[in-house]
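# Remarks on the overall topology
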Amino acid sequence: MEKKFKYPGIPTTSDGTGAIVWVETNITQGACAYPITPSTEMGVGFQRSVANGQTNLWGDELAFIEPESEHSSASACEGFALAGGRIANFTSGQGLVLMKEVLYTIAGKRLPVVFNIGARALTSHSLNVHAGHDDVMAVADTGWGMVFGKNAQDACDLSLISRKVAEKCETPFMSVTDGFLTTHTVENVLLPEKEFMKEFVGKPEDHIWDLMTTSKPIMSGVVQNQDSYMKGKIAQRMFTDKILQEIKDTMQEFYELTGRKHSVVESYKLEDAEYAVVGMGSFMETAMVTADYLREQGIKAGVLHVKCFRPFPANEVVDALKHLKGFSVLERMDNPLAESNPLTTEIKSSFIDALNGVKGHHPISRVPLVLSGSGGLGSRDVRPGDIVSIFKNMICKEAERKDYFSVGIDHETSLKMKEDPDVRPKGAFSMRGHSVGGFGSVTTNKVIATIAADVFDLNVQAYPKYGSEKKGLPTTYYLTIAHGQIMTHCELNRVEFIPLNDINAFNVGNPLTGLSKNGMVFLQTSQTDPKVIWDRIPGFGKKIIWEQNARIFALDTKKIAREVASTPELIQRMQGIVLLGIFLKVTPFMERDNLDYEHLISGVEKSIRKYFGKRGERVVQDNLKCVEKGFNEVFEIPQEIISGESS
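Notes on the structure in this doc start here. (Residues numbered from 1 in each chain as written. Predicted model: local features only at pLDDT ≥ 70, side-chain atom pairs only at ≥ 80, totals over all residues. Heavy atoms only, no water.)

## A short note on the sheet that holds strand 10 (residues 275-279)
Our working rule: Strand pairing is assigned whenever DSSP detects at least two bridges linking the two strands. Helix and strand definitions follow DSSP, with helices as H or I runs of at least four residues and strands as E runs of at least two, each counted in order from the N terminus. In this analysis, axes come from line fits to C-alpha atoms, helices being fitted only over the stretch in contact, and the angle between any two N-to-C directions falls in the range 0 to 180 degrees.
Pairing is mixed across the open sheet formed by 6 strands, whose spatial order is 9-11-10-13-14-15. Of all the strands in the sheet, the pair left with one neighbour each is strand 9 (265-268) and strand 15 (404-406). Recorded for the sheet is a direction-independent mean angle of 20° between the axes of neighbouring strands. One ladder, built from 4 bridges, connects strand 9 with strand 11 (residues 301-306); its direction is antiparallel. Paired with valine 265 across the bridge in strand 11 is valine 306.

Structure (structure tokens):
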């Protein structure tokens, strides 16, 4: 019989940011943060709850403090925690590094705070606001626990788990997720119930010392000279030596209450594997589903996601990998002056200690082949084909092997991608949209994902190709809908539906790349004559449409937005929401589920309220009207016009 769990979670859709905000606004007493991309939305979400008068689970009024810098926000967290408060922070990149001085102090004072990090590349080459692990590795020596999530569910759960461990061990923690790739990707999530969070972490006053109380004075953060400093520093191992076991125990407790299994290292098909990829963060799910593909090709592939980086789980890593012929460590950073990148260094050290029989380490008699590489820097795409090339690099002849490698670029260190398999779940439906930053397409993509999950009861993954420079410039967004779990965290080059919110996409590349057989294309156009619309598609686009037997739909979404929007500033954004109606009309989901129009619109309204309800009823109704017009007014280019020219 299937085991029943007391707190199975609340099914919904959310990005990593929303899941973290849900946890932190319920269990903390406040947040001190300074905005920095891509963690800004975490602080915005928390501050919004404060503005709306939300209290935490114990009725405490929430506080939000935004001082003049990230350094100051860390100092504010320090003061809040010293006074016995449960506090959160949200930061990334240079902001995290700017805090470094204070991070040492917080750890040294044994303050159990939790910082949620949207990991971001540093300006070690040029400015980039996207995913990289440079920032968290730059502060990995400050004495904090560090856990890494690979998706939105991990982001949610680990913020709770790390909070409980932090307070048990009087040690601060960073709960890390990949910036944008997890913080801004909408997925199916089971949010922890309020009753569960209340039971799991408990009331702040019952778990956090008030170091400022006059009734129990304590010395903290004073000046110490040669006679005392080292004694106090080494004595802190009393706290840190027990952290790893506490993480394991807390993860087990979490599982027994929720059914969601976490471990300090997450093994995937490693039991009989011969080769493996090891790493941290979102591209590890891509590695897992690619390992399934490779096993179908006869390669015994496995994956190890290192979920806990500090304290480093040396024995668990060695035990998981020691039987392999070889493994490759893929890291979202590059430190070329070091012997190896940080995760690789930790793993090599663990194997050497085990080989040498160092006390406390499980003994081994051999070390597998260990290769190291970099990928995904600055959110560079890491594709299933890149994972395939990593495995092939381990299997090839020694003379052809790259001991250090990179993926996803053209460089002398790079592994060449010779195949790029489609590892989406069977029957998956994917959309790649081409739009302009500021048109509202990103929000529309999230709303479509929400509706697909809520109304059609499907798994979803919605991700925009973000960029701080993209407002008014071409941008791309992605959506996959499937019955099975979606584990590919990469850009989509095999799609069933391509909406072109901006026809100029034909002038900057080939927006129809990867269109599936019998796929669909939507064109935003002010034209109403199907023949004129067809004639304006460039020749290479027509060729793809003929070859793929694609259907073409069109509508003037800008006109609808102008007619419906109640205020001028909404016109530009509302043309994106019209696409929601078009999507529901032309895709197969409504017919597949035998839904009537009223049932569909009812589900649409629920999702629209989720995203726009805070802006007032008029905005909700305007958006709903845009959806209805998109659904009812979109028209198809007749096949005789398309096929007539092809013949």
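## Things to note about helix 14 (residues 342-355)
Where we set the bar: The span one expects for a helix is its residue count, reduced by one, times 1.5 Å. Burial status follows relative accessibility: with a 1.4 Å probe on protein chains alone, a residue under 20% of its type maximum counts as buried, one over 50% as exposed, and anything between as partly exposed.
Here helix 14 spans 20 Å end to end across 14 residues, near enough to the 20 Å set by a 1.5 Å rise per residue. Among the residues of helix 14, those classed as buried are Pro342, Leu343, Thr344, Ile347, Ser350, Phe351 and Ala354.

## Some remarks on the packing of helix 7 (residues 152-169) against helix 8 (residues 194-201)
Test applied: Note on terminology: angles under 35 degrees are roughly parallel, angles over 145 are roughly antiparallel, angles of 65 to 115 are roughly perpendicular, and the others are oblique. Should the near helix be turned anticlockwise from the far one by less than a right angle, the crossing is termed left-handed; should it be turned clockwise, right-handed. In what follows, residue pairs with any heavy atoms lying within 4.5 Å of each other are defined as contacts. Following the grouping adopted for this structure description, the nonpolar residues are Ala, Val, Leu, Ile, Met, Phe, Trp, Tyr, Cys and Pro, the charged ones are Asp, Glu, Lys and Arg, and the polar ones are all others, Gly among them.
In contact at an axis separation of 10 Å, helix 7 and helix 8 are set at 20° when each is read in the N-to-C sense. On the basis of their axis angle, the class for helix 7 and helix 8 is roughly parallel. Between helix 7 and helix 8 lies a crossing whose hand is right-handed. Packed against helix 7, whose contacting residues are Leu160, Ile161, Arg163, Lys164 and Glu167, the element helix 8 presents Phe196, Met197, Phe200 and Val201 at the interface. The residue makeup of the contact of helix 7 with helix 8, split by class, is 6 nonpolar, no polar and 3 charged.

## Here we look at the packing of aromatic side chains
Given two aromatic rings, their pairing is described by the distance between the two centres and the angle made by the two planes. Here is the rule: Only the six-membered ring of Trp is used, alongside the rings of Phe and Tyr, when aromatic pairs are assigned; centres must lie within 6.5 Å, and planes under 30 degrees apart are stacked while those over 60 apart are edge-to-face, with the rest tilted. To sit over a ring, a charge needs its Lys NZ or Arg CZ within 6 Å of the ring centre and within 35 degrees of the ring normal.
For the coordinates displayed, the defined rule picks out 20 aromatic pairs. For the pair phenylalanine 497 and phenylalanine 583, a centre-to-centre distance of 6.0 Å together with 50° between the ring planes defines the contact as tilted. Here the residue phenylalanine 497 occupies a position in strand 19 (residues 495-500), and phenylalanine 583 occupies one in helix 20 (residues 571-586), the gap between them amounting to 86 residues. What makes phenylalanine 583 buried here is its relative accessible area of 1%. In this structure an aromatic cluster arises from ring pairing among Phe429, Phe456, Phe497, Phe583 and Phe589. The ring of tyrosine 255 has lysine 261 sitting right over it, with the charged end atom 4.7 Å from the ring centre. The ring of phenylalanine 631 carries the charged tip of lysine 585 above its face, separated from the ring centre by 5.1 Å.

## Here's the deal with the side chain of threonine 480
Convention followed: In protein, a polar contact requires one atom able to donate a hydrogen and another able to accept it; more generally it is a pair of N or O atoms within 3.5 Å, and residues adjacent in sequence count only if both atoms are side-chain atoms.
Topologically, threonine 480 is positioned in strand 18 (residues 474-482). Side chain to side chain, threonine 480 and serine 430 meet in a polar contact 2.9 Å long. If near-sequence neighbours (up to four positions away) are discounted, threonine 480 is found in contact with Ala428, Phe429, Ser430, Asn459, Val460, Gln461, Ile486 and Leu492.

## Looking at the pairing of strand 14 (residues 369-374)
Selection criterion: Call a crossover right-handed when, viewed with both strands pointing away from you, the route from the first strand across the helix to the second goes clockwise.
Where strand 13 (residues 326-331) lies against strand 14, 6 bridges are found, and the strand directions are parallel. Bridge pairing in strand 14 links glycine 326 to leucine 369. Alignment of strand 14 against strand 15, held across 3 bridges, turns out to be parallel. Among the inter-strand pairings, serine 374 is bridged to a residue of strand 15, identified as serine 406. Read from strand 14 through helix 15 (residues 384-395) to strand 15, the crossover connection turns out left-handed.

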